[in-house]
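The chain contents come next:
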Amino acid sequence: MTPVTQAIKPPSPVARPKEPLDPVYFQIRDLVYKVSGIYQPEEKLYLLADGCGRRMKQLGSRSPRDYWDHLTANPSRDGELRQLLNEITIGETCLFRSQAQVDALRKVILPELMADKTRQIVKKLRIWSAGCSTGEEPYTLAMVLMEESEGRLKGWQFEIAATDLNDRSVETAKAGLYGEYALRNTTDYFKRKYFVPAENGKLQVRQEVKKLVTFNRVNLQDDSKMLFMKGMDLVFCCNVLIYFDGVSKSRVIGHFFNNLNFGGYFFLGTSESLLHLNDQFHLIHFPGTIGYWKPSLSGAKP
Amino acid sequence: MTASVAENIRERVARIETTPAIPAVLVPLLKVLNRPAEDVDINEVVRLVSYDNSIAAQCMRMASSPLFGLAQQPKSISSAVVSLGLHRVESILLTCCMGHAFPMKSWPLEPAAFWRHSLGCAMVCRRFSEQIGSPETEKAYTAGLLHDIGIMANCVAFPGEFALVVQRAREAQQPLFDAELSVMGFTHCETGQVLAEQWGLAPEIFQVIAFHHDVDHASAPRGLVAIVHLSDLLCRMRDLGYGYYECSKVDMIADPAWAILKQEYPELERIDLARFTFELDEAVAEISEMVRMVLGSSAS
């Protein structure tokens, strides 16, 4: 598909008080989307420009146009793209990163999954946070499920598998210690209920929350390991696939699809898309967020 | 719906009064919009835009919004027609007129939310039809803008009943359409049809108003109804709904409207829905800005 944004909304003096951006950034935005599926909305384009600026400084490139050549023509373009993706996704993780995703989970998805499982004897939900980094996402999910278990999910069992490629991230995640920045979206209600004060003004996730999450080091490209992650109701994989090339990305997405139960859901980051890499998933719109659905066996509509 | 209910709707909608300056422009404008493009006289449109000074001034301001495509405010109406094209100027005039057509005091639904949805839907319809290669992009805009006129009719002609509908929809976080059915027994699709007849709207716009919640029953060609149906769903999922959280989910590709549209426009399959959605988000701020402009002081 041809880039279309400029047609729907060309640079506007109203939306952007700063000086107009070099049009090259629109090209870079399209390139980033094409290789990673990450879409930088226009109001965040200056962040992309900042990221490019830092890279340009490192490389000593003189203009955005010159940097564009690094991203495209230069023999090191794959490496440079990866560096840029690092720049723009850095510092993105925090607890309760996407309220729209949490709402969709609580209000739409959990009631639906429960209805699907009414006939099962053991009431159980399995969730996988793939590429969990330092644990923000799986702990958020655990807290949300604990909240729900006081109501409609009473008596249900949960298992949250959290995996990451990076050993150090996994160790940090296990400790469950978070500072102000990681907690910027966490309400006082959740802070009081699910954390205990720790040193240096940090908060530590309570033991009951930790008990719901199992952390492991897993390489998503390790096909044999991926086979052991079966029977998931939900898979979250945020800003991880962006680093894979097209072929490996397709393969990993295929694993996620196979590991999901029929009727299960797959979530990416809020501005991330599957592109056209998998046509078995259905793209589903929830209020303010999108997810991907593995159609149920009955073929019934969601 | 019984005959007496239908009669009641007809009677109450017939009593809706529009603000005085509007029919003088709106009624002839709707006639112009019904005409095939080659029969439309540019001077006629320019005359309609110029009829009322405040409407003309507002149209010129709207023309300079990024949503309509000009970087600067045009110097004259004729120059707006030259740079934007006749159809787009008609769209602007229609948007402007509709924003002033009814008194908006004491609506049960927040007028700004309603207009954000209507204008948002119009924009998405136009964008959608561009992407699937439909030649009638401005018609899609008009259809999106007018698809919910029945909700305006409900606000004005059935204020008490519709207030209960809105309350029910908010509490149950359900679609307005469902709440209308359970509270009133009829919906904005019925009241909209009556209004569409009164205004003499084009048959395909009538189809959109009557069947955007029930695409299967629209009469062929159903492509336009399908575009509006899908755009409406998308807007309600992306911060361009009626101003409350609607607890639902949408599988656009499994929707019957998708299949209908695909028959007419095979290009549909190539659409990147995720990106389309992200781009829609970018337009939300601009749409809100335009709603403020259109409503001005007429919404409280």
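Quick caveat: nothing in here was measured; it's all calculated off a predicted structure. (Residues numbered from 1 in each chain as written. Chains lettered and ligands numbered in written order. Predicted model: local features only at pLDDT ≥ 70, side-chain atom pairs only at ≥ 80, totals over all residues.)

### Here's the deal with the overall build of chain B
And step 1. Scanning chain B from terminus to terminus reveals 16 helices and 0 strands.
And step 2. Taking 19 Å as the expected radius of gyration for a compact globule of 300 residues, we find that chain B reaches 18 Å, a close match to that expectation.
And step 3. With 300 residues in all, chain B has 49% of them scored as buried.
And step 4. Counted over contacts in chain B with a minimum sequence separation of 6, partners at least 24 positions apart contribute 69%. (Helix = DSSP H or I, 4+ residues; strand = E, 2+ residues; numbered from the N terminus. Rg over C-alpha atoms; globule rule 2.2 N^0.38 Å. Buried ≥ 20, exposed ≤ 12 C-beta atoms within 10 Å, placed from the backbone. Contact = placed C-beta atoms within 7 Å.)

### Side note on the domain arrangement of chain B
Residues and elements named next belong to chain B.
And step 1. We note that the domain assignment places domain 1 (1-16 + 108-300) and domain 2 (17-101) within chain B.
And step 2. Between the C-alpha centres of domain 1 and domain 2 there is a distance of 22 Å.
And step 3. Between domain 1 and domain 2, the residue contacts involve 20 residues of the former and 20 residues of the latter.
And step 4. Put simply, the parts of the chain that give the side of domain 1 that touches domain 2 at least two residues each are helix 7 (111-131), helix 8 (137-146) and helix 16 (273-295). (Domains from an automatic or database assignment.)

### What to know about the sheet that holds strand 2 (residues 157-164) of chain A
Residue and element names in this part refer to chain A.
And step 1. Spatially, 7 strands are ordered 6-2-1-7-8-10-9 in an open sheet, and the strand pairing comes out mixed. Edge positions in the open sheet fall to strand 6 (213-217) and strand 9 (282-286), since each of these has one partner strand only. Neighbouring strand axes in the sheet, compared pairwise and without regard to direction, differ in orientation by 25° on average.
And step 2. The strands touched by helix 12 (residues 246-259) within the sheet are strand 7 (232-236) and strand 8 (260-267), with strand 8 carrying the most contacts at an inclination of about 135°. (Pairing = 2+ DSSP bridges. Axes fitted to C-alpha atoms, helices over the stretch in contact; angles between N-to-C directions.)

### A word on helix 3 (residues 42-50) of chain B
And step 1. Restricting attention to buried positions, one finds in helix 3 of chain B the residues Val45(B), Leu48(B) and Val49(B). Seen end-on, helix 3 of chain B carries its buried residues on one side only, within an arc spanning 100°. (Arc of directions from axis to C-beta.)

### A short note on the environment of Ser231(B)
And step 1. Among the secondary structure elements, Ser231(B) is positioned in helix 14 (residues 223-237).
And step 2. In this structure Ser231(B) comes out as buried when scored by C-beta crowding, with 28 C-beta atoms within 10 Å.

### Things to note about the domain arrangement of chain A
Residues and elements named next belong to chain A.
And step 1. Splitting chain A by domain gives domain 1 (5-89) and domain 2 (99-293).
And step 2. Of note, the centres of domain 1 and domain 2, computed from C-alpha atoms alone, are 30 Å apart.
And step 3. Across the boundary between the two partners, domain 1 contributes 8 residues, which contact 9 residues of domain 2.
And step 4. Looking at the side of domain 1 that touches domain 2, the element that brings in the most residues is helix 5 (residues 77-89), giving 3 residues.

### A closer look at the pairing of strand 10 (residues 289-293) of chain A
Residues and elements named next belong to chain A.
And step 1. For strand 10, the buried fraction is high: 5 of the 5 residues fall into the buried class.
And step 2. By the alternation rule, side chains of strand 10 split into Thr-289, Gly-291 and Trp-293 and Ile-290 and Tyr-292, which are all buried.
And step 3. By the bridge criterion, 2 bridges tie strand 8 to strand 10 in an arrangement that is antiparallel. Looking across to strand 10, one finds that Phe-266 is bridged to Tyr-292.
And step 4. Sheet topology note: the strand 9/strand 10 ladder contains 5 bridges and is antiparallel. Each bridged residue has a counterpart across the sheet, and for Ile-284 the counterpart in strand 10 is Gly-291.
And step 5. Taking the residues between adjacent antiparallel strands as the criterion, strand 9 and strand 10 are bridged by 2 residues, where Gly-288 takes a positive phi near 80°.

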